[in-house]
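Given next are the chains, with one letter for each unit.
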Amino acid sequence: MTGNVAFMFVCTIMVFFMTPGLAFFYGGMVRRKNALNTMMFCMAMLGIGIFLWILVGYSLSFGTDHAGIIGDLDNILLRHVSWEVTGGEGEAPEMISVLFNMMFAVISPAIILGAVAERMKFSKMMIFVVIWSLLVYYPLAHMAWGGGLLEMIGSIKNNQIPDWFFVKKSEKKGLQSNRKHGIIIEILIKYPWEEGFL
């Protein structure tokens, strides 16, 4: 267990340092008069992102599913989250997962800053980050990783997704299909899916 915990901590720290790195990257891309402001945007997002994640973000992203879209507020302020290992052997404590996912919730709005650097006021950017996190990031995180809609679609039994997802257009139109593409799809997608590699 300690190896898993150490690995997750190292990964969390590496993602944490991506946000200050992004601040320096964006600071170097703007004009000199806006460099400090742009870097401050990224660092402020670090604080706002951590605060929002602890307040409601983790609960909305990984809470009990509601209609496949969003989680509930049972884990608000990380209430029922502990450092104890609840799974089997090879599992890490839930708090490690909270910290790891928090770093991505922090850097995601910081990446958006590149689109609005030198164009948006500091206060409006912070309001945008709060609204975007609540309305876009947390629901999508829940849908993809928290047991929501996208995760349910991805967990369809064995090879059903490649069958309905990769239906050839030529088969729909009644035209002759190109077998070479079908073989590539079969090798790269369906075989690993059926064998349990994906």
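Quick look at the structure, then. Throughout, a residue's number is its position along its own chain's written sequence, starting from 1. It should be noted that, the model being predicted, local features are given only for residues of pLDDT at least 70 and side-chain atom pairs only at 80 or more, the latter also being counted only at that level, while totals for whole chains, interfaces and linings use all residues. Values reported for side chains reflect all heavy atoms of the structure, with hydrogen atoms and water molecules removed beforehand.

With respect to the helices and strands, the residue tryptophan 132 is situated in helix H5 (residues 122-145). Each residue is assigned to one of three classes by its accessible area relative to the maximum for its type, calculated with a 1.4 Å probe on protein chains only: buried under 20%, partly exposed between the two thresholds, exposed over 50%. Tryptophan 132 gets classed as buried once you look at its relative accessible area, which sits at 18%. Sequence separation between tryptophan 132 and proline 109 is 23 residues; the distance between their C-alpha atoms is 7.8 Å. The contacts of tryptophan 132, once residues within four sequence positions are left out, are Ser108, Pro109, Ile112 and Tyr137. Only DSSP runs of H or I with at least four residues qualify as helices, and only runs of E with at least two residues qualify as strands; both kinds are numbered from the N terminus onward. Any two residues having at least one pair of non-hydrogen atoms within 4.5 Å are treated as being in contact.

We now examine the packing of helix H4 (residues 94-116) against H5. Only the stretch in contact is used when a helix axis is fitted, and all axes are lines through C-alpha atoms; the angle between N-to-C directions ranges over 0 to 180 degrees. At their nearest, the axes of H4 and H5 sit 11 Å apart, and the two run at 125° to each other. As judged from the angle between their axes, H4 and H5 are oblique. In the packing of H4 onto H5, the handedness of the crossing is right-handed. Here H4 contributes Asn101, Phe104, Ala105, Ser108, Pro109, Ile112, Leu113 and Val116 to the contact with H5, which in turn contributes Met125, Phe128, Val129, Trp132, Ser133, Tyr137 and Tyr138. An angle below 35 degrees is treated as roughly parallel, one above 145 as roughly antiparallel, one from 65 to 115 as roughly perpendicular, and anything else as oblique. With the far helix as reference, a near helix turned anticlockwise by less than a right angle produces a left-handed crossing, and one turned clockwise produces a right-handed crossing.

Right, let's get into the pattern of salt bridges. Throughout this description, the term salt bridge denotes a Lys or Arg side-chain nitrogen within 4 Å of a carboxyl oxygen of Asp or Glu. Taken as a whole and assessed by the stated rule, the structure comprises 1 salt bridge. When the shortest N-O distance is used, the salt bridge between glutamate 118 and arginine 31 registers 3.4 Å. In this pair, glutamate 118 is assigned in the loop between H4 and H5 and arginine 31 in the loop between helix H2 (18-29) and helix H3 (32-62), connecting sequence segments 87 residues apart. Among the residues examined, glutamate 118 registers a relative accessible area of 35% and is labelled partly exposed.

As used here, the term nonpolar core means buried Ala, Val, Leu, Ile, Met, Phe, Trp, Tyr and Cys residues forming a set that is joined through side-chain atoms within 4.5 Å. Within the largest apolar cluster, 19 residues are counted, with the highest numbers of intra-cluster contacts made by Trp53, Tyr58, Leu78, Val81, Val98, Tyr137 and Tyr138. Among the elements of the structure, H3, H4 and H5 are those that each provide at least two residues to this core. When sequence neighbours within four positions are dropped, the list of residues in contact with tyrosine 137 reads Trp53, Asn101, Phe104, Ala105, Ser108 and Trp132. Ile107, Leu113, Val116 and Met126 belong to the second largest nonpolar core, which has 14 residues in total.

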